[in-house]
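Observations on the model geometry
Residues per chain, in single letters:
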Amino acid sequence: MSKTITLSPVTRIEGHAKITIQLDDNNDVIDARFHVNEFRGFEKFTEGRLLWEMPGITSRICGICPASHLLTSAKAGDDILAVEIPETAEKLRRLLTLAQWLQSHALSFFHLSAPDFLLGFDSNPATRNVFGLIAADKEFARRGIRLRKFGQEIIEILGSRRIHTPWTVPGGVREPLDPAKKEYMLGWIPEAKETVGLALDAVKKIHKKFAKEIPEFGNFRSLLVGLVSKDGGLEYYDGTLRIMDGNGNTIADKLDPKKYFEYFGEAVEPWSYLKFPYYKPFDYPKGMYRVGPLARVNICDYIETPLAEAERKVFKKLSGNIGVVNNSFYYHYARCIEMLFAVEKIEMLLNEPALLGTNIRSQASINRLEGVGCTEAPRGVLFHHYHVNKDGVIQKANLVIATAQNNIAMNRTVRQIAAHFIDGKKGKITEGILNRVEAGIRCYDPCLSCSTHALGQMPLHVELVSASGEVLDEVWR
Amino acid sequence: MSKVLVIGYGNTLRGDDAAGVHAAGLIVKRHPEIICVCVHQLMPELAEQIAECDIVFFIDAQKDITQPDMRLIAPRTEVEQPRTHFISPESLLHLSQQLYQHLPAKAYVVGIPASQFEFSEELSAQTDLAMHQCVAMVEKYLTL
């Protein structure tokens, strides 16, 4: 008689979810599923809206990474208008992308994951949060909050508000950068670099502290997918797709993101609203792939900023002989490296004279009836694909979101952690186990609001279910 | 002169939910010396700005009240589980105290009764009236 453990809702992630853990007749974990039980359906209700409205509408998918949807939607619009946007507009959009990375990664690391690491998986759940973090290390918490604020302030300066700014549009951006604001942003750079340095120091201590647990945190081979620049560098706004396998071999390179549908399929399962994208040549579910910081830092040949590049080389040493870091726990390290890159690159961009140009928008009417936009959102590569009629009215929209692309891998991670830490014979879910399973999901920093295009907070529900379907234990929080 | 911060929060696309944002906008228009912040939700990043002020007003639409309401609040000592999308005014005060060792001398939550939260950029007539009453309450306090 098999049994199932359910964790629902999952906490400190964006959205609602449930985890069920299935036991076999011997009370060993045989399967674990990460269920996403939200649905909102942006792809459907945007049909009939105008192309020019899409950045504003789709940015409402998420309150954490609205800028990524805004940018990707605008790029799909560029494709439909068949325009090349002005240099200044591209630089401003790049600045926005990096600010989005910075604020989202700072939220993930300092607010959501650091409490686990600094206070411990088995610490009191009532204080294992940002307030507990403040009690443990006030300066660290304060700096984390300020780092996120820096990213948000850039977004606010560019778009006049922190979230859901309608500033990016097909053809470019709406407003140029006020030169007076440039110096203000540059003034943040020394503190931001110092804070990211502290985060990186903390990550390395975390690796030592959790050395015994890390091998069970989503440690498996999978494909890794992301954008790289023309010469293979870390890319965040443009570029082509590269696919690396779990042995460090690049199996596909220089793929045109506009043809994403030729490489990736989307499977569905009856138990989750979150789709399961997979790499078509390997079929479902063998075509499992991971996107986001772990993938990006793994697949690129170099990072263009010096401090982040030095850190990338240290990161790569974690891979041993195979040249690829397969353990999902190292998403956190990769995220910190990307924060460092973002700060360095923001400084570089702010010092480029072209950033202050005033030619910021290419005007055109509908020149194609189909367009694809692709950027690297904080959690991974993001696609917006629109079909329009000759008047620019949306006929069909498809959004492929980073969190969904990690879905198969997240399920695999939950299964691995559950199998290692859960003793099915006891039929109970302890707080420490619960938190470890959640922490496995948090490696990916999933945004379920985005991936199901749904609204959300993130409580957790876990169920332990026997082979006969009996719920042996259930935890809500 | 006291440094006053008015935080109006709510979703401007959800009808009455925007009442706090509208109220803060009106107050700052009439009293430009006041610092005004309009946001969708309260976030930990506001703690620093709160710590730098003497008086803070959190103005929000509330569906569980029938009359405009202004109440003094204190930092929440029993800690709630913070969410990434929302933090309470009391917890924000706690955060200001913990992180910046400073609290405003007084902090108020100004509640505007609200009932319509469907997609709309306009307030219902009742909430619009209550919003103006709340603005008057804050202005009266400021002139004392």
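Rules and cut-offs
Going along each chain's sequence as written, the residues are numbered from 1 onward. Chains and ligands are labelled by the order in which they are written, letters from A for the one and numbers from 1 for the other. Two thresholds apply to this predicted model, a pLDDT of at least 70 for residue-level local features and 80 or more for giving and counting side-chain atom pairs, whereas whole-chain, interface and lining totals are computed over all residues. Per-residue confidence from the predictor is reported as pLDDT, a score between 0 and 100. Helix and strand assignments come from DSSP, with helices taken as H or I runs of at least 4 residues and strands as E runs of at least 2, each series counted from the N terminus. In this usage, the nonpolar core is the set of buried Ala, Val, Leu, Ile, Met, Phe, Trp, Tyr and Cys residues whose C-beta atoms join them within 7 Å. With C-beta atoms placed from the backbone, a residue is buried if 20 or more other C-beta atoms are within 10 Å of its own, exposed if 12 or fewer are, and partly exposed between those counts. Just so you know, the domain bounds were taken from an automatic or database domain assignment. Two residues form a contact once the distance between their C-beta atoms, set from the backbone, is within 7 Å. Pairing between two strands requires that DSSP report at least two bridges joining them. Lines fitted to the C-alpha atoms define the axes, with helices restricted to the stretch that makes contact. Angles between their N-to-C directions range from 0 to 180 degrees. Oblique is the label for every angle not falling under 35 degrees (roughly parallel), over 145 degrees (roughly antiparallel), or within 65 to 115 degrees (roughly perpendicular). Whether a crossing is left-handed or right-handed is set by the direction in which the near helix is turned from the far one by less than a right angle, anticlockwise for left-handed and clockwise for right-handed. A helix's residues, less one, multiplied by 1.5 Å, set its expected span. Three categories are distinguished: nonpolar for Ala, Val, Leu, Ile, Met, Phe, Trp, Tyr, Cys and Pro, charged for Asp, Glu, Lys and Arg, and polar for the others, with Gly belonging to the last.

Points about the confidence of the model for chain B
Residues and elements named next belong to chain B. A residue-level look at chain B finds 93% of positions with pLDDT of 70 or above and a mean pLDDT of 90. Highest mean pLDDT in chain B belongs to strand E5 (residues 106-113) (97); lowest belongs to strand E2 (residues 35-39) (90). Both scores are available for the predicted complex, with the pTM at 0.87 and the ipTM at 0.75.

Quick word on the nonpolar core
One finds Leu102 of chain A together with Val6, Ile7, Ala23, Ile59 and Ile112 of chain B to be the most contacted residues of the largest nonpolar core, which totals 181 residues. Of the residues forming this core, the biggest block, 14 residues, is contributed by helix H4 (residues 87-119) of chain A. Looking at which domains feed residues into this core, each of domain 1 (3-39 + 413-476) and domain 2 (40-412) of chain A gives three or more. Other than its neighbours up to four places away in sequence, Ile112 of chain B contacts Ala19, Gly20, Ala23, Ile59, Ala61, Gln62, Pro68, Thr127, Ala130, Met131 and Cys134 of chain B.

A closer look at the sheet that holds E5 of chain B
All names here are of chain B. Pairing within the open sheet is mixed, and its five strands lie in the order E2-E1-E3-E5-E4. One side of each edge strand has no neighbouring strand; the edge strands of this open sheet are E2 and strand E4 (69-72). Each adjacent strand pair in this sheet contributes to an overall mean axis angle of 20 degrees, direction not counted. Of the strand pairs in this sheet, strand E1 (residues 4-9) and strand E3 (residues 55-62) are connected by six bridges, and their pairing is parallel. Bridged to Ile7 within E3 is Phe58.

As for the packing of helix H6 (residues 138-159) of chain A against helix H7 (residues 179-209) of chain A
All names here are of chain A. Running from amino to carboxyl end, H6 crosses H7 at an angle of 150 degrees, the nearest separation of the two axes being 10 Å. What the angle tells us is that H6 and H7 run roughly antiparallel. You can see that H6 and H7 cross each other, and the crossing is left-handed. Residues Phe140, Arg143, Arg146, Leu147, Phe150, Ile154 and Ile157 of H6 pack against Lys181, Met185, Trp188, Ala192, Thr195 and Leu198 of H7.

Looking at helix H13 (residues 407-421) of chain A
Residues and elements named next belong to chain A. Its 15 residues place the ends of H13 21 Å apart at the C-alpha level, agreeing with the 21 Å of an ideal helix rising 1.5 Å per residue. Burial analysis of H13 places 12 of its 15 residues in the buried class, the great majority of the element. Regarding H13, the residues found buried are Asn407, Ile408, Ala409, Met410, Asn411, Arg412, Thr413, Val414, Arg415, Gln416, Ile417 and Ala418.

Digging into the domain arrangement of chain A
Residue and element names in this part refer to chain A. Domain annotation for chain A reports domain 1 (3-39 + 413-476) and domain 2 (40-412). Computed over C-alpha atoms only, the centres of domain 1 and domain 2 are separated by 26 Å. Tallying the contact residues gives 37 residues for domain 1 and 38 residues for domain 2. Residue assignment for the side of domain 1 that touches domain 2 shows that the elements contributing at least two residues are strand E3 (29-36), H13, helix H14 (431-442) and helix H15 (448-451). Among the elements that take part in the side of domain 1 that touches domain 2, H14 stands out by supplying eight residues, more than any other. Classifying every residue of the side of domain 1 that touches domain 2 gives 16 nonpolar, 12 polar and nine charged.

Quick look at unusual backbone geometry
Omega for the peptide link from Tyr284 of chain A to Pro285 of chain A comes to 0 degrees, which places this bond in the cis form. Along the chain, the position of Pro285 of chain A falls in the loop between strand E10 (276-279) and strand E11 (289-290). Residue Asp283 of chain A is not a glycine yet carries a positive backbone phi of 65 degrees. Relative to the assigned elements, Asp283 of chain A resides in the loop between E10 and E11. What makes Asp283 of chain A exposed here is the crowd of 11 C-beta atoms within 10 Å. For Gln101 of chain B, which is not glycine, the phi dihedral falls at a positive 50 degrees.

Considering the sheet that holds strand E12 (residues 370-377) of chain A
Residues and elements named next belong to chain A. With antiparallel pairing, three strands are arranged side by side in an open sheet as E12-E13-E14. The sheet is open, and its two borders are formed by E12 and strand E14 (394-400), each paired with just one other strand. With strand direction ignored, the average angle separating the axes of adjacent strands in the sheet is 15 degrees. Pairing of E12 with strand E13 (residues 380-388), which is carried by eight bridges, proceeds in the antiparallel orientation. Following the sheet pairing, Gly373 is matched in E13 by His384. Its contacts with the sheet put helix H3 (residues 66-81) on E12 and E13, and the angle it makes with E12 is roughly 150 degrees.

Re the environment of His105 of chain A
Residues and elements named next belong to chain A. With respect to the element layout, His105 can be found in helix H4. The exposure class assigned to His105 is buried, which follows from the 28 C-beta atoms found within 10 Å. Residues His105 and His332, 227 residues apart in the sequence, show an inter-C-alpha distance of 9.0 Å. Leave out the neighbours within four places in its chain, and His105 touches Arg335, Glu338, Met339 and Pro378.

Details of H6 of chain A
Residue and element names in this part refer to chain A. An ideal rise of 1.5 Å per residue puts 32 Å on 22 residues; H6 measures up with 31 Å between its terminal C-alpha atoms. In terms of burial, H6 is largely enclosed, as 16 of its 22 residues are buried. The first or second residue beyond H6 is Ser160, which carries a positive phi of 75 degrees.

Concerning the environment of Ile34 of chain B
By the element assignment, Ile34 of chain B lies in the loop between helix H1 (19-30) and E2. Given 20 C-beta atoms within a 10 Å radius, Ile34 of chain B is considered buried.

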